[in-house]
Amino acid sequence: MDLFADQRDGAAPKSTDTNTASAATPWRILLIDDDDLMHEVTRLALTGFTFQGRPLELLSALSGQEAKEILQREQDIALELVDVVMETEHAGLDLVRYIRNEMNDHVIRLVLRTGQAGQAPEDSVIRDYDIDDYKEKTELTTQKLKTLLYSMLRSYRDLCTIEEQKQGLKRVIEASANVQNTTNLQHYATAVLEQLTSLLHIHDSAFYCVVQPRPGAEETRALTLAATGEYVDCYTECAFEKLPPIVSARCKQALETRTSIQFDDGFVLFHRDDEDVEFLLYVNHAKTLSELDQHLLKIYMQNIGLTFENLSLMVDLRETSKELVYNLANAVEARSKETGAHVQRVSLFCEKLGELYGLDEQKTMLMKHSSPLHDVGKVAIPDAILHKPGKLNAEEWDIMKKHVEYGVEILSHSKRRLILEAKEIAATQKIYDVLLQQFLVTLLLNGVKTLIVCALILWVFHQSVSQRVFAIAKHLRQFDPLAPTHEPLNLKHRKFIMEKNDELDWLADETNKITLRISNLYQNIILEQQRLADFTNAASDWLWETDATQRLTFCSEAMQSALAISIESPTKIKAVPALIHCASLLNKMDACESFTMCEEHITLDGNTHYFVFQGVAHFNGQGFVGFRGTAIDITELKQTQFELEKLNQTL
C-alpha cells in the first residue's frame, strides 16, 4: 500500500521554533480505530507537526466505548479521527451521534476515516451525520493528513474564538447591568471593580472617574472619584492632584487628545455630553490582557461610561432638590430668628430616628431631606403674632396652631415624592397632641394588661409549682419514721394548667419511696433492738423468732445449719422435719403464751440431741404477733444423767 508515500523522497522540514512548540499547550487529537497499526502509522506521520507554534498530543482509543470514556475524562480535545467499523459495523457513527446529541459538543471536529467505504457511503454519512470530513484510509497520505489537520485545527480555533467572544459579551452585558442598578457614586465605583473582576478575572485593580466642565458649563458638575478595593473617595471638584501621578498624567493626555487611550496596564475612556461636560473613566489592571480581553474591556468601559453620565446627572438633580428644600426652609426660619439652626437640627434628628427605627437607607435619607419643610406654614402667620414678644392670647394661639394646616395646603400641590414626604411630616404636628393622648391611654391600658397577665402567671405558677413544692416540703417535715402508719404523698392536679406525670409528680413518687424505705429501716432497727434485749440475758445455742402464724422469721445460723432450713424462704415450725414430733413444743406454741423448760429430743444427722426450748409471746394493740425464743443443747447433760441413773440401778 502506498500510504504516506509522498514523504519517501525526503524528510519533512523541521520547525525552527521547536523549543517554543514543545513548551506551548498542545492540540489534543483523539485517534479512534480498532487497528493498532493505524495508530502507529498515524503517530509516525504526524511526528514534529505543529500549528501556530503548538505541537500535537495524540490520544488513542481502540473502540467506541473506550472513546466515550476518554471524552468523559479528558477536556479540550480539538479533533477526532474516527473509524466507522470497530466493535460493531456502525460503532463510529454511533460515537458521532453520542458526541453531538448526548454530550452536546458541537465544537470538537469529527472526521470519519474508514477502510470499508461500502459500510458507510460518503454521501449518506455526510448528509445524515454532523461530521466535518469523510476520508478513506487508502487515499489519506501524509500530506493529505497534515492538510486535514491544518484545516480542522483552524476551524476548531475559530469556533473557540467565537465561543469565547460570545461568553465575553454575555459577561459584559451582565456586568454592565449590575453596574446600572447602583443609585449613588460610591456604590457605582464598588460595583465597577466587582464586575471587572468577574469579567476579566482582574483582582488587583483601581477605578477613577473625573468630571471636568468646560468653560461656560455648569461648574457644580465637577467631580473626582477614586476607588481601590474597599476604599472609595469622592470629591466635588476636578482634582487631578488627588489621583496617583501616572493616572493623572494619562487622564490629562486623554483630555488633550479628547480620545480614549489603551495602555498596557490600563484604559482611559473619554466622553463628552451635550452640556459641554467631559468625563474621564480610568481603570488599571495588573496583568497583560489578551486582544479579546482588551476589546471586552473597551465595550465594558463604554457601557459604564453611559451609566456614570446618567448617574452623575441624577446626583446633580438630587443635590439641586435638596438645596431648594433647605433654602426654602431657611427662608421660612428667617422670619423667626430665635429658633436658630432649627431646620438643620430637625433634619439630623429625623435621620437618626430613622436609623434607630430600622428604616432602610433610602427611606432615612428621604426623611432627612424632606423634614426641613415641616414649618413651611409659618409663612402664612402674620408677623404681629409670629414676632409678638409677650404671651399669645387664645385667639392668637389658635391662629398660630393653623400653621400646620397652611403648610399641608402649600405642599399638597406637588406630586414629587420629596414634597409629599414633607407634607406628611408637616401634617404630623397637627395630630401630635392626639397621638400623645392616645399614647398615654395605650400606656395605661398596657400597664393594666401587664399587671393582669403577671398576676395570672403568678397564680398559675403558684398552683402548678409553688403549692406542690410546698406540699412535698410539708410532707417531709411532718414525716415520722417511728409512726406505725404512714400516709403516702399525693399531689393535687388542676385541669388546663398542669399535666399529670410531670417532674413534680416524679419527685413525689421518689419522696414516697424514700420515706417508705426510711420507715422500714427504723422498724428493722427497733426489731433488732427488741431481739437484742430479749436475747442478751439468755444463754442459748439457738435463737429463733416467729410471726403470728408460727412461721420462722428469724433464726440463728447454727439453727439454720442444724435443721437444714433457710430464713429467706420462711417455714412454719410444724413443717420443719426435725421438729414434727415435738408435740410439747408445738402445743405450747399453739397456746400463744410464753413458756419455759420445754424439753424435746431431736434427731440430727442420725444422732439424738436434747434441747430445752423457751419462748416469749409478744402482743400489740391488735393481739398476738409471734414468739421470740431460745433453745439450749443439753445432750451432754442428759447423757450424764442417763449414766448416773444406770449406775444407781447397778448399785
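First, a word on what this report is: a plain description of the structure on this page. In this convention, every chain numbers its residues from 1, walking through the sequence in written order. pLDDT decides what is reported in this predicted model: residues at 70 or higher carry local features, side-chain atom pairs at 80 or more are listed and counted, and totals for whole chains, interfaces and linings draw on all residues regardless. Values shown for side chains rest on all heavy atoms present in the structure; no hydrogens or waters enter the calculation.

Here's the deal with the overall build of the chain
Thought 1: Secondary structure elements follow DSSP: runs of H or I no shorter than four residues count as helices, runs of E no shorter than two count as strands, and numbering proceeds from the N terminus. Per the secondary structure count, the chain includes 20 helices and 17 strands.
Thought 2: Buried residues in the chain amount to 39% of all 651 residues.
Thought 3: Every accessible area reported is derived by Shrake-Rupley at a probe size of 1.4 Å, with residue values counting cover from the shown protein chains alone. Approximately 39,100 Å² of the chain is accessible, and the part contributed by carbon and sulfur atoms is 54%. Only protein chains enter the area calculation, which uses a 1.4 Å probe; residues under 20% of their type maximum are buried, those over 50% are exposed, and those in between are partly exposed.

Quick notes on the sheet that holds strand 2 (residues 50-51)
Pairing between the strands of a sheet is mediated by backbone hydrogen bonds and can be parallel or antiparallel.
Thought 1: The criterion for strand pairing is that DSSP finds at least two bridges linking the strands in question. In space, the six strands of this open sheet follow the order 2-3-1-4-5-6, with mixed pairing throughout. Both outer strands of the open sheet, strand 2 and strand 6 (133-136), are each paired with one neighbouring strand and no more.
Thought 2: In the sheet, strand 5 (residues 109-114) pairs with strand 6 via four bridges, with the strands oriented parallel. Across the sheet, Thr114 pairs through a bridge with Glu136, a residue of strand 6.
Thought 3: Throughout, a contact is declared for two residues whenever any of their heavy atoms are within 4.5 Å. Between the N-to-C directions of two axes lies an angle of 0 to 180 degrees, each axis being a line fitted to C-alpha atoms and, for a helix, fitted only over the stretch in contact. Contacts between helix 3 (residues 64-73) and the sheet are confined to strand 1 (27-32), strand 3 (54-61) and strand 4 (77-82), with strand 3 contributing the most and set at about 135 degrees to the helix.
Thought 4: Across the sheet, helix 4 (residues 91-102) lies against strand 1, strand 4 and strand 5, angled at about 175 degrees from strand 5, the strand it touches most.

Some words on the environment of Lys298
Thought 1: Mapped onto the fold, Lys298 is located in helix 9 (residues 291-333).
Thought 2: As a C-alpha pair, Lys298 and Gln262 span 36 residues in sequence and 8.5 Å in three-dimensional space.

What to know about empty space enclosed by the protein
Thought 1: Only protein atoms enter the 1 Å grid, on which a cavity is a set of points fitting a 1.4 Å probe that cannot get out and a pocket is an open set with protein on both sides within 12 Å along at least 5 of 7 lines, lining residues being those with an atom within 4 Å of a point. Grid points are joined across faces, edges and corners, and a volume is the space filled by probe spheres set on the points. Scanning the model with the defined rule gives one cavity of 30 Å³ or more in all.
Thought 2: When its volume is computed, the largest cavity comes out at roughly 30 Å³.
Thought 3: In terms of lining, the largest cavity is formed by Trp544, Met559, Ile573, Leu579, Leu585, Met589 and Phe613.
Thought 4: Grouping the constituent residues of the lining of the largest cavity by class yields seven nonpolar, no polar and no charged. Polarity classes work like this: nonpolar for Ala, Val, Leu, Ile, Met, Phe, Trp, Tyr, Cys and Pro, charged for Asp, Glu, Lys and Arg, and polar for all others, with Gly in that last group.

Examining the pattern of salt bridges
Thought 1: Throughout this description, the term salt bridge denotes a Lys or Arg side-chain nitrogen within 4 Å of a carboxyl oxygen of Asp or Glu. If you walk through the whole model with that rule in mind, you get 18 salt bridges.
Thought 2: Across the salt bridge formed by Arg97 and Asp94, the nearest N and O atoms sit 3.3 Å from each other. You can see Arg97 and its partner Asp94 sitting in helix 4, three residues apart, about one turn around the helix.
Thought 3: Taking the relative accessible area as the measure of exposure, Asp94 reaches 37% and is therefore partly exposed.
Thought 4: We note a salt bridge from Asp133 to Lys135, for which the minimum N-O separation is 3.8 Å.
Thought 5: One continuous salt-bridge network, built from bridges that share partners, spans Arg28, Glu57, Arg73 and Glu74.

Concerning unusual backbone geometry
Thought 1: One non-glycine residue, Asp76, adopts positive backbone phi at about 60 degrees.
Thought 2: Judged by its relative accessible area of 59%, Asp76 is exposed.
Thought 3: Of note in this structure, Asp605 is not a glycine but carries a positive phi near 55 degrees.
Thought 4: One can find Asp605 in the loop between strand 15 (595-604) and strand 16 (607-620).
Thought 5: Residue class for Asp605 comes out exposed when judged on its relative accessible area of 79%.

Some words on the packing of aromatic side chains
Thought 1: In this analysis, rings of Phe, Tyr and Trp, with Trp reduced to its six-membered ring, are considered paired at centre separations within 6.5 Å, and the interplanar angle assigns stacked below 30 degrees, edge-to-face beyond 60, and tilted for intermediate values. All told, the structure shown has ten aromatic pairs when counted by the stated rule.
Thought 2: Each ring, one from Phe624 and one from Phe627, has its centre 5.3 Å from the other, and the planes form 65 degrees; the classification is edge-to-face. For the pair Phe624 and Phe627, a shared accessibility class is recorded, and that class is buried.
Thought 3: These aromatic residues form a ring-pair network of at least three members: Trp27, Phe49, Phe51, Tyr150 and Tyr156.
Thought 4: The residue whose ring lies beneath Lys68 is Tyr98, and the NZ or CZ to ring-centre distance is 4.8 Å.
Thought 5: Our definition puts a charge over a ring when NZ of Lys or CZ of Arg is within 6 Å of the ring centre and also within 35 degrees of the ring normal. The ring of Phe263 has Arg250 sitting right over it, with the charged end atom 4.3 Å from the ring centre.

Quick notes on the sheet that holds strand 16
Thought 1: Taken together, the five strands give an open sheet; going across it, the order is 14-13-17-16-15, and neighbouring strands pair in antiparallel fashion. Each end of this open sheet is capped by a strand with a single partner; those strands are strand 14 (552-555) and strand 15. Looking at each pair of strands side by side, their axes are set apart by 25 degrees on average, direction ignored.
Thought 2: Bridge count for strand 13 (residues 542-546) against strand 14 is three bridges, and the pairing is antiparallel. The partner of Thr546 across the bridge, within strand 14, is Leu552.

As for the packing of helix 3 against helix 4
Thought 1: Two numbers describe how helix 3 lies on helix 4: the axes approach to 9 Å, and their chain directions differ by 25 degrees. As the angle between them shows, helix 3 and helix 4 are arranged roughly parallel. Here helix 3 and helix 4 pass one another in a crossing that is right-handed. Side by side, helix 3 and helix 4 meet where Gly64, Ala67, Lys68, Leu71 and Gln72 of the first sit next to Leu95, Tyr98 and Ile99 of the second.
Thought 2: Of the residues that constitute the contact of helix 3 with helix 4, the class distribution is five nonpolar, two polar and one charged. For classification, angles of less than 35 degrees are called roughly parallel, those exceeding 145 degrees roughly antiparallel, those between 65 and 115 degrees roughly perpendicular, and all remaining angles oblique. In this scheme the handedness of a crossing depends on how the near helix is turned from the far one: anticlockwise by less than a right angle means left-handed, clockwise means right-handed.

Some words on helix 8 (residues 245-257)
Thought 1: A helix is expected to span 1.5 Å for every residue after the first. The terminal C-alpha atoms of helix 8, which comprises 13 residues, lie 18 Å apart, in line with the 18 Å expected from a rise of 1.5 Å per residue.
Thought 2: Along helix 8, the positions that sit buried rather than exposed are Val247, Ser248, Arg250, Cys251, Ala254 and Leu255. Burial along helix 8 is one-sided: seen end-on, the buried residues are contained in an arc of 165 degrees. Residues of helix 8 that are exposed and angled more than 90 degrees away from the buried face: Pro245 and Glu256. Within this analysis, the arc is defined by the directions that extend from the helix axis to the C-beta atoms.

Remarks on the pairing of strand 15
Thought 1: Looking at chain direction, strand 15 and strand 16 are connected through eight bridges and run antiparallel. Across the sheet, Phe595 pairs through a bridge with Gly615, a residue of strand 16.
Thought 2: Adjacent in sequence and paired antiparallel, strand 15 and strand 16 are bridged by two residues, among which Asp605 carries a positive phi angle near 55 degrees.

Topic: the environment of Leu552
Thought 1: Inspection of the secondary structure assignment puts Leu552 in strand 14.
Thought 2: When its relative accessible area of 2% is taken as the criterion, Leu552 is described as buried.
Thought 3: For Leu552 and Ile565, which are 13 residues apart along the polypeptide, the C-alpha to C-alpha distance reads 9.8 Å.

Concerning a negative patch on the surface
Thought 1: Patches here: salt-bridge-free residues with over 30% relative accessible area, like charges joined within 9 Å, nonpolar side chains (Val, Leu, Ile, Met, Phe, Trp, Tyr) joined within 5 Å. Note on charges: Lys and Arg go in the positive column, Asp and Glu in the negative column, and His and the chain ends are not counted at all. One atom stands in for each charge, and that atom is NZ of Lys, CZ of Arg, CG of Asp or CD of Glu. Together, Asp34, Asp35, Asp36, Glu40 and Glu87 give the surface a local cluster of negative charge.
Thought 2: Structurally, Glu87 is set in the loop between strand 4 and helix 4.
Thought 3: Overall, Glu87 belongs to the partly exposed group, its relative accessible area being 46%.

What to know about the state of the cysteines
Thought 1: Note on disulfides: each one is a pair of cysteine sulfur atoms within 2.5 Å. Following the criterion strictly, the structure yields zero disulfides and no others.
Thought 2: With no disulfide of its own, Cys582 has Cys598 as its nearest cysteine by sulfur position, at a separation of 7.9 Å.
Thought 3: With a relative accessible area of 0%, Cys582 lands in the buried category.

Regarding the side chain of Arg113
Thought 1: With respect to the helices and strands, Arg113 occurs in strand 5.
Thought 2: It turns out Arg113 is buried and unbridged, and the closest side chain with the opposite charge, Asp33, is 4.6 Å from it.
Thought 3: In the analysis that follows, any N or O atom pair within 3.5 Å is treated as a polar contact, provided that within protein one partner can donate a hydrogen and the other can accept it, and provided that, for residues neighboring in sequence, both atoms belong to side chains. One polar contact links Arg113 to Thr42, side chain to side chain, over a distance of 3.1 Å.
Thought 4: Those residues within four positions of Arg113 in sequence are excluded, and the remaining contacts are Met38, Thr42, Leu81, Val82, Asp83, Val84, Lys135, Lys137 and Leu140.

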